[in-house]
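If you want the building blocks of each chain, they are given just below.
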Amino acid sequence: MPPFRRARWRHLFTLAVTGILLSSGAAVGATALTPANASSQQKDAATASQRHSAADSFSRSVSSGWGVSDLGGAWRTVGQENRYWVAGGAGRMSVRPGQALRATLADVASDDIDLRVRFSTNKALTGRGEYLSFIGRQAGSLDYRARVRLLADGGVLLQLGQGGTALRSVAIPDVTHAAGTSLNLRMQVTGTSPTTIRAKLWPASDREPGTWQASVTSSTAGLQTAGNLAIESYISSSATGPVTTRFDDLKVVPTSAPSGAAASAGTGTGTGSPAPTDAPKPATPDAVAPKPAPAKLAPAPAPAPAPAPAKPATAKPATAKPATAEKPASASESTTGVPKGTKLTVHHGDLTVKTPGAVIDGLDIRGFVRVEAPNVTIKNSIIRGRATTGNAVLLYAGTGASAGLRVIDSEIAPTHRSHLTNGVYGYDFTLTRVNIHHVIDAVHIFGDNVTVADSWLHDNLHYSKDPTHGGGPSHDDSVQIQQGRNIRLTGNTISGAYNAAVQVTQDRGTVANLTISNNKLSGGGCTINVAEKGKGAIKGLTISGNTFGDSRFNCNMLVPPTTKLAQSANAVAKGVLTLNRRAQ
């Protein structure tokens, strides 16, 4: 994903539509250009016009940088200027994989803009594609933007965001991207407290859609003021590059301007023309652009494991029912998940969180979530995922950058269920009163510092013929621990897995300081199944105060004899407590 500019966040804001809470900073001003020989009154009028309006036909020729726009002053660029040039009626950026370039009109500052622009690329995208940001209000380190994601399969996503957080993300099914194909974007950023951001995207050869495809409001404290305009391109590090993106027919006016004032070639109600042939860049030394620090906007697909084989027609859910042990009051349907009466805002598309300390509150997320920043909180929300042919991890926190993640009073359950669907993957997180169900593995741990408390993990997906296991049955676990220290499972109700309620594998490394206490546990062949896998005994294993229900093999605990077990106050709902000390 694009590298995000790290801001120092100071003021808390509440996002009116999405319910995402972040922190933000202060704004800075800008200086307008005025004619040198104008009268004082004329200067005031010219200043107002230039601060609120901009235009650039890119009809000039500039070998390095973008020069001076038709209206709005000089373009200020970030990175090596030889990566920017103007030729053939377009401003161009040549961006290498893993890098970003940005051009800013710092002499334009407005809190009310209606922006139109046309763009295209010189090649089809590969890897995770290109992220094009059209920034309608930049104040200091903060901004409001529309971002267009050009995907490797030709698909297009339209996202509205504030700095490093996507506020709205929608797929545009009728729009596809290909090399040399021009697309039009129109965006409005208007008003203060709240600010309305909305956008639409369409092929340059078509008529402009009559309605906005994405709209959102925000009241970020540092952005309720006038801001500058900018254009940014980031090419994914997994893409083949460099990629040259061309921009033309840029026009910006206030939203109060007369109808048609901002219409440019190929926008409005008429039809546009195809993109001109990409003009070659004037010869310049091939300098390596330094890594810039742009603001970022992010949702990206969450799946972490490699794609699995496609699901064959023979994969059918097994008819076996999960264990029916009664749910304790401390972790049940009534005490986990989103509290009743909570108003949720739908978020369409994947969501990647890159802002340290971000708070996501009250979202119904129709996509995957990936956390790549420390001390993020997700609360009062539902994560549903989306349809996919690859591995589907609803919440991924395994990049090493998400220490301190907390998920509270939330539900994690897929709308699209398959043998590839899993719940939470990662480490350095705490789940509290979370309801996770209808996934293969509810919680999959492969690192240190994990707590799952007062949560309800139940009704795992299970397939009698699972293609990820050679056509045999699914190996679904409620909690699987492949590696890690300082792991605590307490106060939970866990049932419904075919393989184990808690499975320790040490597949990735050693496990130590694992406490399983005061849970209600059932399901699996052996409900708690501990394997050393040749990596030595588990150190610091405590199993205490749990109540066990049924299991397929009448086996409550399976622990190798070489692992020292601190076991106390465990009980069974019926029968006799069983502990198998077989080596494995």
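Procedures and definitions
Residues numbered from 1 in each chain as written. Predicted model: local features only at pLDDT ≥ 70, side-chain atom pairs only at ≥ 80, totals over all residues. Heavy atoms only, no water. Helix = DSSP H or I, 4+ residues; strand = E, 2+ residues; numbered from the N terminus. Buried < 20%, exposed > 50% of the residue type's maximum accessible area, 1.4 Å probe, protein only. Contact = heavy atoms within 4.5 Å. Areas by Shrake-Rupley, 256 points an atom, 1.4 Å probe, with all protein chains shown as cover. Phe/Tyr/Trp six-rings, centres within 6.5 Å; stacked < 30°, edge-to-face > 60°. Lys NZ or Arg CZ within 6 Å of the ring centre and 35° of its normal. Salt bridge = Lys/Arg side-chain N within 4 Å of Asp/Glu carboxyl O. Disulfide = S-S within 2.5 Å. Pairing = 2+ DSSP bridges. Axes fitted to C-alpha atoms, helices over the stretch in contact; angles between N-to-C directions. pLDDT = per-residue confidence, 0-100.

K.L.:
Explain the overall build of the chain to me, please; I cannot follow it from the model alone.
P.N.:
If you tally the helices and strands in the chain, you get one helix and 45 strands. Across the 584 residues in the chain, those meeting the buried criterion constitute 56%. Of the contacts formed within the chain by residues at least 6 apart in sequence, a portion of 66% connects residues at least 24 apart. When the accessible area of the chain is evaluated, it comes to approximately 22000 Å², of which 51% is carbon and sulfur surface.

K.L.:
Hey, could you run me through the packing of aromatic side chains in this one?
P.N.:
Two numbers describe a pair of aromatic rings. These are the distance of the centres and the angle of the planes. One pass over the full model with this rule turns up nine aromatic pairs. Between the aromatic rings of W66 and Y84, the centroid separation amounts to 6.2 Å while the plane-to-plane angle is 90°, which identifies the pairing as edge-to-face. Remark: Y84 occurs in strand β5 (residues 84–87) and W66 occurs in the loop between β3 (54–56) and β4 (76–78); sequence separation between them is 18 residues. Note on accessibility: W66 and Y84 belong to one class, buried. A network of ring pairs unites the aromatic residues F58, W66, W75, Y84, F119, F134 and F247 as a single cluster. Between the NZ or CZ atom of K200 and the centre of the ring of W212, over which it lies, the distance is 4.5 Å. Cation over ring: R508 sits above F446, and NZ or CZ is 4.0 Å from the ring centre.

K.L.:
Please clarify how the pattern of salt bridges should be interpreted in this entry.
P.N.:
Two side chains of opposite charge can pair, provided their charged atoms sit close to one another. Considering all chains together, one arrives at 23 salt bridges under this definition. One salt bridge in this structure joins R384 and D364, with 2.6 Å as the shortest N-O distance. Separated by 20 residues along the polypeptide, R384 in the loop between β24 (382–383) and β25 (392–397) and D364 in strand β21 (residues 363–366) bring together distant segments of the chain. Looking at R384, the relative accessible area reads 25%, which means it is partly exposed. Note that R433 and D409 form a salt bridge whose closest N and O atoms lie 2.6 Å from each other. Here D409 lies in the loop between β26 (405–408) and β27 (411–412) and R433 lies in the loop between β29 (429–432) and β30 (435–437), a separation of 24 residues in the sequence. In this structure R433 comes out as partly exposed when scored by relative accessible area, which is 31%. Judged by relative accessible area, D409 falls into the buried class, the value being 14%. A cluster of three or more residues bridged by salt bridges with shared partners is formed by R102, D143, R145, R147 and E232.

K.L.:
Whenever I open this one, the state of the cysteines confuses me. Can you help?
P.N.:
Note on terminology: disulfide describes a covalent bond linking the sulfur atoms of two cysteines. Scanning the model with the defined rule gives one disulfide in all. Covalent S-S linkage joins C526 and C555, the inter-sulfur distance amounting to 2.1 Å. On the sign convention where negative is left-handed, the bridge of C526 and C555, at about 100° about the S-S bond, is right-handed. Placement of C526 in strand β39 (residues 526–530) and of C555 in strand β42 (residues 555–558) is noted, with a sequence separation of 29 residues between them. Judged by relative accessible area, which is 9%, C526 ranks as buried.

K.L.:
Is there a simple way to explain the sheet that holds β21 in this structure?
P.N.:
Sheets are built from strands paired through backbone hydrogen bonds, the pairs being either parallel or antiparallel. On the basis of which strands lie adjacent, the open sheet formed by ten strands has the order β18-β21-β24-β27-β30-β33-β35-β38-β41-β44 and parallel pairing. With one partner strand each, in any of the chains shown, β18 (345–348) and β44 (571–572) form the two edges of the open sheet.

K.L.:
Help me understand the pairing of β25, please; the structure alone is not making it clear to me.
P.N.:
Successive residues of a regular strand alternate their side chains across the two faces of the sheet. Of all the six residues making up β25, six are buried; the element is thus mostly covered by neighbouring parts of the structure. The pairing of strand β22 (residues 369–371) with β25 spans two bridges and is classified as parallel. For R370, the partnering residue across the bridge sits in β25 and is Y396. For β25 and strand β28 (residues 421–426), the ladder comprises five bridges, and the chain directions are parallel. Paired with A397 across the bridge in β28 is G426.

K.L.:
Explain the sheet that holds strand β12 (residues 165–171) here, please?
P.N.:
Pairing is antiparallel across the open sheet formed by seven strands, whose spatial order is β4-β7-β16-β9-β10-β11-β12. Single-partner strands in this sheet number two, and they are β4 and β12. On average, each strand axis in the sheet is inclined to that of its neighbour by 20°, with strand direction left out of account. When strand β9 (residues 130–139) meets strand β10 (residues 142–150), the two strands line up antiparallel, connected through nine bridges. Bridged to L132 within β10 is V148.

K.L.:
Help me out: how do you make sense of unusual backbone geometry in this one?
P.N.:
The amide bond that connects S193 to the next residue, P194, takes the cis arrangement and shows omega of 10°. Summarising the element assignment, P194 is placed in the loop between β13 (183–190) and β14 (195–203). Note the cis peptide between G241 and P242, where omega equals 5°. Summarising the element assignment, P242 is placed in the loop between β16 (227–235) and β17 (243–253). A positive phi angle is found at N449, which is not glycine, with a value near 60°. Examined against the element boundaries, N449 turns out to sit in the loop between β31 (443–446) and β32 (450–453). We note that N554 has phi near 50°; this positive angle belongs to a residue other than glycine. Turning to its location among the elements, N554 is positioned in the loop between β41 (547–548) and β42.

K.L.:
Just checking my understanding: could you explain the confidence of the model for the chain for this structure?
P.N.:
Low pLDDT marks stretches whose predicted atomic positions should not be read closely. In this model, the chain carries a mean pLDDT of 81, and residues with pLDDT of at least 70 account for 78%. Taken as a whole, residues 1–50 scores under 50 in pLDDT and shows 130 contacts with residues more than four places along the chain or in a different chain. This model gives residues 282–329 a pLDDT under 50, and the stretch forms 138 contacts once residues within four places in sequence are excluded.

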